[in-house]
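Now for the letters of each chain:
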Amino acid sequence: MNYFPIMLNIDHKKVVVVGGGQVARQKIQALLPTKAKITVVSPTVTDEIETYVYEGKVRWINRYFEPTDLEGATLIFAVTDQKEVNDAVEQATQPWQLLSRADAKGRVDFINPAVVRRGDLTLTVATSGAHPGLTRKLKEDLAAQFDETYSDYIEFLKKARREIIETVSDKQKKRELIASLLDPHLEQWAKEQNWEKCNEYLHKMMEDQDKV
């Protein structure tokens, strides 16, 4: 199956997770960096999910699934180990709602790729279910290549780009300066957390453009 890759803004949108086991925990953990309104429906939940409920990050409906639980939901996860429950969730899902069944025995509108987050940088990888092991390996490779220092590097690039846009009026010079931010020296200094060097480079680059 060929999936259409997309990144959704689900801030303040209702997301329902039917099930309270380890798969539900994984889905909830993936959702937590967003501002989605997460509801879990299950008579039991893992200790981690219960902690999220206690912290106010997740709403817990402590009972078995009912069709009305899906009212107003944008995304729905059917992640129980009972086919009849997942079937009931699918039957209650409206055509405009997006459903993902963990058992993949019915309607699957979307799948979750493996994700590596580094601040504003989001890297995703998926094999469309062909080989989950390869997906995990590629995620580990990406996480090693783009380590935690990338969060600060991306933040520097964002601020530097904004400074150029707000300071430089000439469109051609602006494009050239923004392109110059991808100089590998900046990436290396960011890895070393040498922000003094990064800022010196940025301001010298802008001064040199003014002289042209």
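Let us look at the structure shown here. (Residues numbered from 1 in each chain as written. Predicted model: local features only at pLDDT ≥ 70, side-chain atom pairs only at ≥ 80, totals over all residues. Heavy atoms only, no water.)

### Considering the packing of aromatic side chains
Aromatic rings considered in pairs are described by the distance between their centres and by the relative angle of their planes.
Then, in step 1: Applying the stated criterion across every chain yields a total of five aromatic pairs.
Then, in step 2: Ring centres 5.3 Å apart and planes at 85 degrees place the aromatic pair F77 and F110 in the edge-to-face group. A residue pair is termed long-range when its members are at least 10 positions apart, and F77 in strand β4 (residues 73–78) and F110 in the loop between β5 (98–101) and β6 (114–118) qualify at 33 residues. This pair shows no difference in class: F77 is buried, exactly as F110 is.
Then, in step 3: A ring pair is formed by F156 and W195, whose centres lie 6.1 Å apart and whose planes are at 35 degrees; its orientation type is tilted. (Phe/Tyr/Trp six-rings, centres within 6.5 Å; stacked < 30°, edge-to-face > 60°. Helix = DSSP H or I, 4+ residues; strand = E, 2+ residues; numbered from the N terminus. Buried < 20%, exposed > 50% of the residue type's maximum accessible area, 1.4 Å probe, protein only.)

### Some points on the sheet that holds β4
Then, in step 1: Pairing in this open sheet of five strands is parallel, and the strands run β3-β2-β1-β4-β5 from one edge to the other. In this open sheet, the two strands that pair with only one neighbour each are β3 (58–61) and β5. The average undirected angle you get between the axes of adjacent strands in this sheet is 20 degrees.
Then, in step 2: As paired strands, strand β2 (residues 37–41) and β3 are joined by four bridges and run parallel to one another. (Pairing = 2+ DSSP bridges. Axes fitted to C-alpha atoms, helices over the stretch in contact; angles between N-to-C directions.)

### Here we look at the environment of F4
Then, in step 1: Mapped onto the secondary structure, F4 falls in the segment before β1 (14–18).
Then, in step 2: Sequence spacing of F4 and E148 is 144 residues, and the spatial spacing of their C-alpha atoms is 29 Å.

### Things to note about unusual backbone geometry
Then, in step 1: In this structure, H12 is a non-glycine residue whose phi angle is positive, near 65 degrees.
Then, in step 2: Structurally, the position occupied by H12 is in the segment before β1.
Then, in step 3: Residue class for H12 comes out exposed when judged on its relative accessible area of 56%.
Then, in step 4: Its identity as a non-glycine residue notwithstanding, A104 has a phi of 55 degrees, on the positive side.
Then, in step 5: Secondary-structure assignment places A104 in the loop between β5 and β6.
Then, in step 6: Assessed through its relative accessible area of 56%, A104 is described here as exposed.

### Quick notes on the nonpolar core
Then, in step 1: Core analysis: the biggest nonpolar cluster contains 21 residues, and F156, I164, L181 and L202 have the highest contact counts within it.
Then, in step 2: At the level of secondary structure, the elements contributing two or more residues to this core comprise β7 (121–125), α5 (149–167), α7 (184–191) and α8 (195–211).
Then, in step 3: When residues in this core are grouped by element, the largest group, seven residues, is from α5.
Then, in step 4: Residues in contact with F156, not counting those within four places in the same chain, are L186, W195, C198, N199 and L202.
Then, in step 5: In this structure, L31, V40, V58 and F110 belong to the second largest nonpolar core, which totals 17 residues. (Core = buried A, V, L, I, M, F, W, Y, C linked by side-chain atoms within 4.5 Å. Contact = heavy atoms within 4.5 Å.)

### Points about the side chain of T39
Then, in step 1: Note that T39 resides in strand β2.
Then, in step 2: Take T39: its relative accessible area is 5%, and that puts it in the buried class.
Then, in step 3: Among all residues touching T39, those that are not within four sequence positions of it are K14, V15, V16, V17, R59 and I61.

Interpretation note: all reported values are geometric properties and have no functional meaning in isolation.
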